[in-house]
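So the chains spell out like this:
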Protein chains: 2
Amino acid sequence: MFRPQIKVLDCTVRDGGLINKWQFTDDFVRRIFYALSRAGVDYMEVGYKSSEKYFSRSENGAWKFCSEDDLKRVVGDLDTKMKLSAMADIGRIDPEDILPKKESVLDMIRVACYVKEVDKGINLAHHCLDKGYETTINLMAVSKVLERDLDEALDDLSKSAVPVIYLVDSFGAMYSEQIHFLAKKYMEALPGKELGIHTHNNQQLAFANTIEGIIAGINRLDATLYGMGRGAGNCPLELLLSFLKNPKFDIRPIFEVIQEILIPIKGEIEWGYHIPYMITGILNEHPRSGMKAMSAEKLPDLRKFYEGLLEGTPD
Amino acid sequence: MFRPQIKVLDCTVRDGGLINKWQFTDDFVRRIFYALSRAGVDYMEVGYKSSEKYFSRSENGAWKFCSEDDLKRVVGDLDTKMKLSAMADIGRIDPEDILPKKESVLDMIRVACYVKEVDKGINLAHHCLDKGYETTINLMAVSKVLERDLDEALDDLSKSAVPVIYLVDSFGAMYSEQIHFLAKKYMEALPGKELGIHTHNNQQLAFANTIEGIIAGINRLDATLYGMGRGAGNCPLELLLSFLKNPKFDIRPIFEVIQEILIPIKGEIEWGYHIPYMITGILNEHPRSGMKAMSAEKLPDLRKFYEGLLEGTPD
């Protein structure tokens, strides 16, 4: 699939940091930065932009905050076309803590929000636009909202100045038919805007659903190295770059960095396909119970875990 | 997706045995047999039907041969609707070693063959039909044949008495668009026949491609417990049963048997998503070089492995 409009964003450090509170060495982040640059990836999402008054530096690594000092230490003076992104969550960043673009090495701020807080999300995104950043809104957990509420949120977004809106499968619950249904809905509701897709791998469908998004016309694609990310992880970047036939991408530096740092860290922190994550995915639930099961000393009884979640699902 | 014609075949022991030469305990195979029966799976493929003059019993476990004694020892006298299948490879079974159906606990023999040997495959399949078995032909490695040769093979198959033909992605190289293209081609070339699909997980697309096969109208679906199978493995049965909404399936015994014996054996023998298998998949190559890389004491340089395979690919 070659379409010149397609842009790939790697969020290994941002989404992977949800597993270990962003306790990555500078060397780890720097190697990823260099590998992605050489591979021709369009954006690297380095972490979250959060206010230090809401989270402590003793508990969270640098990439929970993405201060300019931390960013510059890792980015150095490499001559690269790759842009840098950070994600902002509603209520976790004070707008005044976002510097004007000309004082920052960040190029883009992506605002993540739920459907019920979409107006807060639009406010924050407009603030970022005003400060000179590229901006997107990533509408989370849409597999659990009423269609009328989603339609209202999309209507609000269509009237906003935010140019890029993401379809997000937060729980890894969607199949290709849901992706096509929602991509069509977003496209019709958001004329003139670009669409993105961010998937989770609970059912081994993160890459497949990203492909279906591409087929449906989505041009902004999220992926992570070796699929690293919270719970079951995300769409593996190496698979996505191989699928995209765009000659601007070079997959070879990706194999190098996976071998140098991703395979080793997978022995230390856990992500990927496991039955507890699979069960939260098939039941369209937040992965938190799956993460609790996986972090326990002994895996719980899987049949009981499934039956318990089934009973706990509100009707 | 609920369609009453859909039938699921589990080939955990047959495909998984390719990893360890079928060195499974009777208890292992019996637990799978019981769990699949309770889950409502339609067929269990227990292994290969091979002639003992071609393979030694000292190297290969019982399920390379599927003798009646071995089968009966495991199956016992459980009252089950589940049918038993064995696979037969061209040149590895003498037709006279196949008992008449009325002397066997097997219900079905699936003949695996390459496009170039399809006429031998049809001959063997007709022999099995004559002896009273349900029979299929699984046409392997079709991602590497010229379309005219595939069309000729499909034409031969359309004139045969074999009622079920499988679309097989032997190298885990296909995307959804290839699945839809080939499913349509098979359907048009094989009027009146039922189609099946067998996928490999090199690109994490085994389940996704099985779903696309279902959407395209394929009714015979292969899967394995926890995706166990040679190299990257197959479509995970637990994901497939959860996707299929047919009330005849009960996923709970599947979670039990995965916890009891599949998770433990995954610590001993290796399958699943690994970069060497991913690389053979994206290059549409047989997984043997990937298996060699994975069985080495130290993982080879992945970039060089990729570049070497690229250079070695005939133009």
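Calculation rules
Residues numbered from 1 in each chain as written. Chains lettered and ligands numbered in written order. Predicted model: local features only at pLDDT ≥ 70, side-chain atom pairs only at ≥ 80, totals over all residues. Helix = DSSP H or I, 4+ residues; strand = E, 2+ residues; numbered from the N terminus. Buried ≥ 20, exposed ≤ 12 C-beta atoms within 10 Å, placed from the backbone. Contact = placed C-beta atoms within 7 Å. Least-squares fit on C-alpha atoms with pLDDT ≥ 70 in both. Pairing = 2+ DSSP bridges. Axes fitted to C-alpha atoms, helices over the stretch in contact; angles between N-to-C directions. Core = buried A, V, L, I, M, F, W, Y, C linked by C-beta atoms within 7 Å. Domains from an automatic or database assignment. Nonpolar A, V, L, I, M, F, W, Y, C, P; charged D, E, K, R; others polar. Right-handed = clockwise from strand over helix to strand, strands pointing away. Expected span 1.5 Å × (residues − 1). Arc of directions from axis to C-beta.

1. So, the overall build of chain A
Secondary structure summary: chain A contains twelve helices and eight strands in total. In terms of overall dimensions, chain A has a C-alpha envelope of 55 × 45 × 45 Å along the principal axes. By residue count, 49% of the 315 residues in chain A fall in the buried class. Across chain A, the fraction of contacts at a sequence separation of at least 24, relative to all contacts at a separation of at least 6, is 77%.

2. A few points about the relation of the copies chain B and chain A
Superposing chain B onto chain A takes a rotation of 180° combined with a translation of 0.0 Å along the rotation axis, leaving an RMSD of 0.0 Å. What we have between these two chains is a two-fold relation. Counting the interface residues of chain B, we find that 100% of their copies in chain A are interface residues as well, pointing to one common contact surface.

3. Things to note about the sheet that holds strand β4 (residues 108–114) of chain A
All names here are of chain A. Read around the closed barrel, the eight strands follow the order β1-β2-β3-β4-β5-β6-β7-β8; overall the barrel is parallel. Pairwise comparison of adjacent strand axes, ignoring direction, gives a mean angle of 25° for this sheet. With four bridges joining them, strand β1 (residues 7–10) and strand β8 (residues 220–223) adopt parallel strand pairing. Each bridged residue has a counterpart across the sheet, and for Lys7 the counterpart in β8 is Arg220.

4. Details of the sheet that holds strand β8 (residues 220–223) of chain B
Strands sit in the order β1-β2-β3-β4-β5-β6-β7-β8 (chain B) around a closed barrel of eight strands; the barrel is parallel. Averaged over all neighbouring strand pairs, the angle between strand axes comes to 25°, with direction disregarded.

5. A few points about the nonpolar core
Among the nonpolar cores identified, the biggest contains 202 residues, and A:Ile137, A:Leu139, A:Ile254, B:Leu139 and B:Ile254 are the most heavily contacted of them. Among all residues touching B:Leu139, those that are not within four sequence positions of it are B:Cys113, B:Val115, B:Val118, B:Ala153, B:Ile165, B:Tyr166 and B:Val168.

6. Some remarks on the domain arrangement of chain A
Residue and element names in this part refer to chain A. By domain assignment, chain A separates into domain 1 (7–266) and domain 2 (275–312). Between the C-alpha centres of domain 1 and domain 2 there is a distance of 26 Å. Listed per partner, the contact involves ten residues of domain 1 and eleven residues of domain 2. Considering only residue class, the side of domain 1 that touches domain 2 consists of three nonpolar, five polar and two charged.

7. Things to note about helix α10 (residues 275–282) of chain A
With eight of eight residues buried, α10(A) lies mostly within the body of the structure. In this structure, the buried side of α10(A) is in contact with α11 (288–295) and α12 (302–312) of chain A together with α8 (237–243) and α9 (252–266) of chain B. Just downstream of α10(A) lies A:Asn284, where phi reads positive at about 55°.

8. Let's talk about the pairing of strand β3 (residues 83–89) of chain A
The side chains of a regular strand alternate, first on one face of the sheet and then on the other. Residues and elements named next belong to chain A. With five of seven residues buried, β3 lies mostly within the body of the structure. Relative to β3, strand β2 (residues 43–48) is paired through five bridges, and the arrangement is parallel. Its bridge partner being in β3, Gly47 is matched across the sheet by Ala86. What joins β2 to β3 is helix α3 (residues 68–75), and the crossover it makes is right-handed. Pairing analysis gives five bridges linking β3 to β4, with the strands arranged parallel. When the bridges of β4 are listed, Ala88 appears paired with Val111.

9. Regarding helix α6 (residues 176–189) of chain B
With 14 residues, α6(B) extends 20 Å from end C-alpha to end C-alpha; this agrees with the ideal 20 Å at 1.5 Å per step. For α6(B), the complete set of buried residues consists of B:Ser176, B:Ile179, B:Leu182, B:Ala183 and B:Tyr186. Viewed along the axis of α6(B), the buried residues span an arc of 130°, placing them on a single side of the element. Every exposed residue of α6(B) that faces more than 90 degrees away from the buried side is listed here: B:Glu177, B:Lys184 and B:Glu188. On its buried face, α6(B) sits against α7 (206–215) of chain A together with α5 (147–159), β6 (164–168), β7 (194–198) and α7 (206–215) of chain B.

10. Side note on the pairing of β8(A)
Residues and elements named next belong to chain A. With burial as the criterion, each face of β8 is covered, one bearing Arg220 and Asp222 and the other bearing Leu221 and Ala223. For strand β7 (residues 194–198) and β8, the ladder comprises two bridges, and the chain directions are parallel. Counterpart to Gly196 in the pairing with β8 is Arg220. Where the polypeptide runs from β7 across α7 and back to β8, its parallel neighbour, the crossover connection is right-handed.

11. Brief notes about the interface of chain B and chain A
The interface of chain B with chain A comprises 25 residues on the first partner and 25 residues on the second. Where the side of chain B that touches chain A is concerned, the elements lending two or more residues are α7, α8, α9, α10 (275–282) and α12 (302–312) of chain B. Ranked by the residues each element gives to the side of chain B that touches chain A, the list is headed by α9(B), at five residues. A per-class count over the side of chain B that touches chain A returns 15 nonpolar, five polar and five charged.

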